[in-house]
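Descriptive analysis of the structure
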Amino acid sequence: VDMHAVIGDVLMILESKLKTERVQIDLSLDAEHCWVQGDRTELSQVLVNILLNAMEAMVESSERRVNICMWNNPGGKLELSVEDTGPGIPERVLPQILEPFFTTKGKLGGGEDESTGLGLTISSRSVSRHGGRLAAKNAAAGGAIFEMELPALPAPPPPGAREPSEPIRPPPPL
């Protein structure tokens, strides 16, 4: 899966909401290939969830900016970080943020909105199924950072290789 394409897909899906919420996206993407073995749709869902959470966290912020950075580290891992300009994650809840049914919003989190507290848990498990990890921390200057690390492929797949999330199309009729 080309992670550049995953990021492009997600930004296209969220384009209208990003404009409506006046969220600025800054990209810093490695120019080298950023390929991982996995399911494009599933990895897109992880990124959508992280970005939607970031947008919700920044609703009261005067500056609504998300920095998405992606690079290959020397250890053969692809790293992707999503940093927002919201208030950050309260230190008391940071250790629980990826746990099932934990939420800081919705009825479970003391709010009035709907939230199951499963979005980040599902995202974390999805990344784990891809051989990676998802972690959350606070930025020194404020805001939250979600870091995804996945095993990088040493080279892109051969031309014409089908990505797992693409449907298999039957051959044309004879």
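Fair warning: this is a prediction, and the values are worked out from it, not measured in the lab. (Residues numbered from 1 in each chain as written. Predicted model: local features only at pLDDT ≥ 70, side-chain atom pairs only at ≥ 80, totals over all residues. Heavy atoms only, no water.)

Glancing now at the overall build of the protein. Counting its regular elements, the protein contains 4 helices and 5 strands. Among the 174 residues that make up the protein, the fraction classed as buried is 40%. Within the protein, counting contacts between residues at least 6 apart in sequence, those at least 24 apart form 66% of the total. Just so you have it, the protein exposes about 10,000 Å², and 55% of that area is on carbon and sulfur atoms. (Helix = DSSP H or I, 4+ residues; strand = E, 2+ residues; numbered from the N terminus. Buried < 20%, exposed > 50% of the residue type's maximum accessible area, 1.4 Å probe, protein only. Contact = heavy atoms within 4.5 Å. Areas by Shrake-Rupley, 256 points an atom, 1.4 Å probe, with all protein chains shown as cover.)

Our next topic: helix H1 (residues 3–13). Looking only at H1, the buried set comprises Met 3, Val 6, Ile 7, Val 10 and Leu 11. Viewed end-on, H1 has its buried residues packed into an arc of 130°, placing them on one side of the element. Buried residues belonging to H1 abut helix H2 (15–20), strand S1 (24–29), helix H3 (40–57), strand S2 (65–72), strand S3 (77–84) and strand S5 (144–151). N-cap assignment for H1: the residue whose side-chain oxygen lies 2.9 Å from the backbone N of His 4 is Asp 2. (Arc of directions from axis to C-beta. Polar contact = N/O pair within 3.5 Å; in protein donor to acceptor, adjacent residues only side chain to side chain.)

What follows is about H3. Between its first and last C-alpha, H3 extends 26 Å over 18 residues, near the 26 Å set by a 1.5 Å rise per residue. When you tally the buried positions in H3, you get 13 out of 18 residues, the bulk of the element. Backbone nitrogen of Thr 41 and a side-chain oxygen of the N-cap are separated by 3.2 Å at the start of H3; the cap is Asp 39. (Expected span 1.5 Å × (residues − 1).)

Within the fold, Gly 88 resides in the loop between S3 and helix H4 (119–129). For Gly 88 and Ala 136, which are 48 residues apart along the polypeptide, the C-alpha to C-alpha distance reads 10.0 Å.

Here we come to the side chain of Asn 73. Position of Asn 73 relative to the elements: it lies in the loop between S2 and S3. For Asn 73, the side chain forms a polar contact with the main-chain nitrogen of Gly 75, separated by 2.8 Å. At a separation of 2.5 Å, a polar atom in the side chain of Asn 73 contacts the side chain of Glu 79. In this structure Asn 73 touches Glu 79 and Glu 149, once residues within four positions along its chain are discounted.

Geometric values such as these leave the question of function open.
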